[in-house]
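Spelled out, the chains give:
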Amino acid sequence: MASNPVAPVLDVIAIGNAIIDVIADCEDSRIEELGLARGGMMLIDTDQARDLYAAMGPAREISGGSAANTLAGLASLGARCAFIGQVADDQLGEVFAHDIRAAGIAFDIAPRAGDPPTARCLIFVTPDGQRTMNTFLGASHYLPAEALDEAAIARAAVLYLEGYLWDPEEPRAAMRKAIAAARRAGRKVAFTPSESFVIERHRDDFMALIDAGEIDVLFCNEHEMAALVRTDDFEAGIAMLAPKIPVLVVTRGPGGAVALSGGERAEVAAEPIDRVVDTTGAGDLFAAGFLFAHVRGMPLEKCLRLGAICACEVISHYGARPEKNLSALMAERLG
């Protein structure tokens, strides 16, 4: 990575799916009736999106997308952020653009005319707060590399990428171009593989990025780590990945989280919570808290703790974006 003596203007710039989440409560039996993988995420086409939407009960529509959710958390903490993603020139595209800008996040990508429409994720939430996600990626699959503002990437301390967007050719090329721009500018690259099924499709690509030293901060949960290193032995997986990544962060749901950097290891427990309402966005907000602290040079344990605080807030209500002021919550919990 080249050195860059110029202070960054942005804390984090992220590339990800621009999605509207459609969230509805349901019983466990409904998940079985619909033949869905409980607690998982699957990609669906236009017809499936229409049929599943018709099968949902009363729903809430909330802007989402993994990297965009992380930026919403960062902005609530007080970070300076920008988002790169593709919406269509339609009503849901207008909703997404309004919501992300209203959060104080720069978003300058022009909407795409014509079909397909803006992406949406149909989320069924069971009584235990578990979410089953069904994602129609729509216009987000058509983010062209020429839409990137390489100067903006060079001005951000961290480029953050979500694995969900690695599948389609256009945004994959855009993310590769963004990584190169960040590396030339001496900035850090943070990456999340997003889901085990994404790793199954693109493991060779992801491991090549890791082995080439292109990733500075890797976020994954324990199941994703197992898919990357092909072992269910948690400690063996840590031992395999940690030497390849400057900062490795592995979340374990109720079991807390672990981070390793430069030979240091830190662990935190999950934050106590009265009731889990909806786990959508837990990993996204954990990344937000961690990155906010990391960019500011806080100790590893404190980065993990802020990640856990942000994740706890988002699972206490519906939707994958914070409802409380995370900056105030950080002051209250971290001091």
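All residue numbers here refer to positions counted from 1 along the written sequence of the relevant chain. Given that this is a predicted model, residues contribute local features only at a pLDDT of at least 70 and side-chain atom pairs are listed and counted only at 80 or more, while totals for whole chains, interfaces and linings are drawn from all residues. Excluding hydrogens and water, the side-chain figures rest on all heavy atoms present in the structure.

### Let's talk about the overall build of the chain
Defined as follows: Secondary structure elements are defined from DSSP: runs of H or I of at least 4 residues count as helices, runs of E of at least 2 residues count as strands, and each element is numbered from the N terminus. With the radius of gyration taken over C-alpha atoms, the globule rule is written as 2.2 Å times the number of residues to the power 0.38. Each residue gets one of three labels from its accessible area relative to the maximum for its type: buried under 20%, exposed over 50%, partly exposed in between, using a 1.4 Å probe on protein chains only. Should any heavy atoms of two residues lie within 4.5 Å, those residues are counted as being in contact. What sets the accessible areas is the Shrake-Rupley method with a 1.4 Å probe; for residues, cover comes only from the shown protein chains. In this tally Asp and Glu are treated as negative and Lys and Arg as positive; neither His nor the chain ends contributes. Charge coordinates come from a single atom per side chain, which is NZ of Lys, CZ of Arg, CG of Asp or CD of Glu.
When helices and strands are tallied, the chain shows twelve helices and 14 strands. Over its C-alpha atoms the chain spans a radius of gyration of 18 Å, differing by no more than 12% from the 20 Å that the globule rule assigns to 335 residues. Dimensions of the chain, computed from C-alpha atoms along their principal axes, come out at roughly 50 × 45 × 40 Å. Relative to its 335 residues, the chain shows a buried fraction of 56%. Partitioning the contacts of the chain with sequence separation of at least 6, the portion at a separation of at least 24 is 76%. Carbon together with sulfur atoms contributes 50% to the accessible area of the chain, which is approximately 13,600 Å² in total. On the chain, the mean spot of the 30 positive side-chain charges and the mean spot of the 47 negative ones are 5 Å from each other.

### Considerations on the pairing of strand S12 (residues 247-251)
Condition: Whether two strands pair depends on DSSP finding at least two bridges between them.
Judged by how many residues are buried, S12 sits mostly within the fold: five of five residues are covered. Burial of S12 is two-sided: the residues Val 247, Val 249 and Thr 251 facing one way and the residues Leu 248 and Val 250 facing the other way are all buried. Two strands pair when backbone bridges link them, and strand S11 (residues 217-221) and S12 are joined in this way by five bridges, in the parallel orientation. When the sheet's bridge partners are listed, Phe 219 is paired in S12 with Val 249. Pairing between S12 and strand S13 (residues 257-261): five bridges, direction antiparallel. Bridge pairing links Leu 248 to Leu 260 in S13. The turn joining S12 and S13, which pair antiparallel and follow one another in sequence, is formed by five residues; a positive phi near 60 degrees is taken by Gly 253.

### A closer look at the UniProt feature "domain: Carbohydrate kinase PfkB" (unreviewed entry) in the chain
To be explicit about the condition: UniProt positions are given in the numbering used here, feature names are shortened, and annotations may be inferred rather than shown by experiment.
Cross-referencing UniProt, the feature "domain: Carbohydrate kinase PfkB" (unreviewed entry) maps to residues 61-322 in the present numbering. Its end C-alpha atoms 15 Å apart, residues 61-322 is made of 40% helix and 21% strand.

### Structural notes on the side chain of His 202
To be explicit about the condition: As used in this structure description, the phrase polar contact means that two N or O atoms lie within 3.5 Å; if the pair is within protein, one of them must be able to donate a hydrogen and the other to accept it, and residues adjacent in sequence are counted only when both atoms belong to side chains.
For His 202, the location among the structural elements is in helix H7 (residues 196-211). Residue classification places His 202 among the buried residues on the basis of a relative accessible area of 11%. Within the local environment of His 202, its side chain forms a polar contact with the side chain of Asp 167, the two groups lying 2.6 Å apart. Setting aside chain neighbours within four positions, we find His 202 in contact with Trp 166, Asp 167 and Arg 172.

### What about the sheet that holds strand S6 (residues 106-107)?
For clarity, the cut-off: Axes here refer to lines fitted to C-alpha atoms; in helices the fit is confined to the stretch in contact. Angles between the N-to-C directions go from 0 to 180 degrees.
As summarised here, the arrangement of the nine strands in space is S6-S5-S1-S9-S10-S11-S12-S13-S14, forming an open sheet in which the pairing is mixed. Both edges of this open sheet fall to S6 and strand S14 (264-268), since each of them pairs with a single strand only. In this sheet, S6 lies alongside strand S5 (residues 81-84) in parallel orientation, the contact comprising two bridges. Paired with Phe 83 across the bridge in S6 is Phe 107. Sheet strands touched by helix H8 (residues 222-229): S11 and S12. Its angle to S11, the strand with the most contacts, is close to 110 degrees.

### Section: the side chain of Glu 271
When you line up the elements, Glu 271 lands in the loop between S14 and helix H10 (282-295). Look at Glu 271 and you get buried, because its relative accessible area is 14%. Within the structure, the side chain of Glu 271 is placed 3.2 Å from the side chain of Arg 333, a separation counted as a polar contact.

### Thoughts on the packing of helix H11 (residues 300-314) against helix H12 (residues 326-334)
Just so we agree on the cut-off: Orientation is classified from the angle alone, with under 35 degrees giving roughly parallel, over 145 giving roughly antiparallel, 65 to 115 giving roughly perpendicular, and any other angle giving oblique. By convention the crossing between two helices is left-handed if the near helix lies anticlockwise of the far one by an angle smaller than a right angle, and right-handed if it lies clockwise. Residues are grouped as follows: Ala, Val, Leu, Ile, Met, Phe, Trp, Tyr, Cys and Pro are nonpolar; Asp, Glu, Lys and Arg are charged; every other residue, Gly included, is polar.
Direction vectors running N to C along H11 and H12 enclose 125 degrees, while the axes themselves pass 10 Å from each other. Accordingly, the angle class assigned to the pair H11 and H12 is oblique. Relative to H12, the crossing made by H11 is right-handed. In this structure, H11 uses Lys 302, Arg 305, Leu 306, Ile 309, Cys 310 and Glu 313 to contact H12, whose residues at the interface are Leu 326, Leu 329, Met 330, Arg 333 and Leu 334. By residue class, the composition of the contact of H11 with H12 is seven nonpolar, no polar and four charged.

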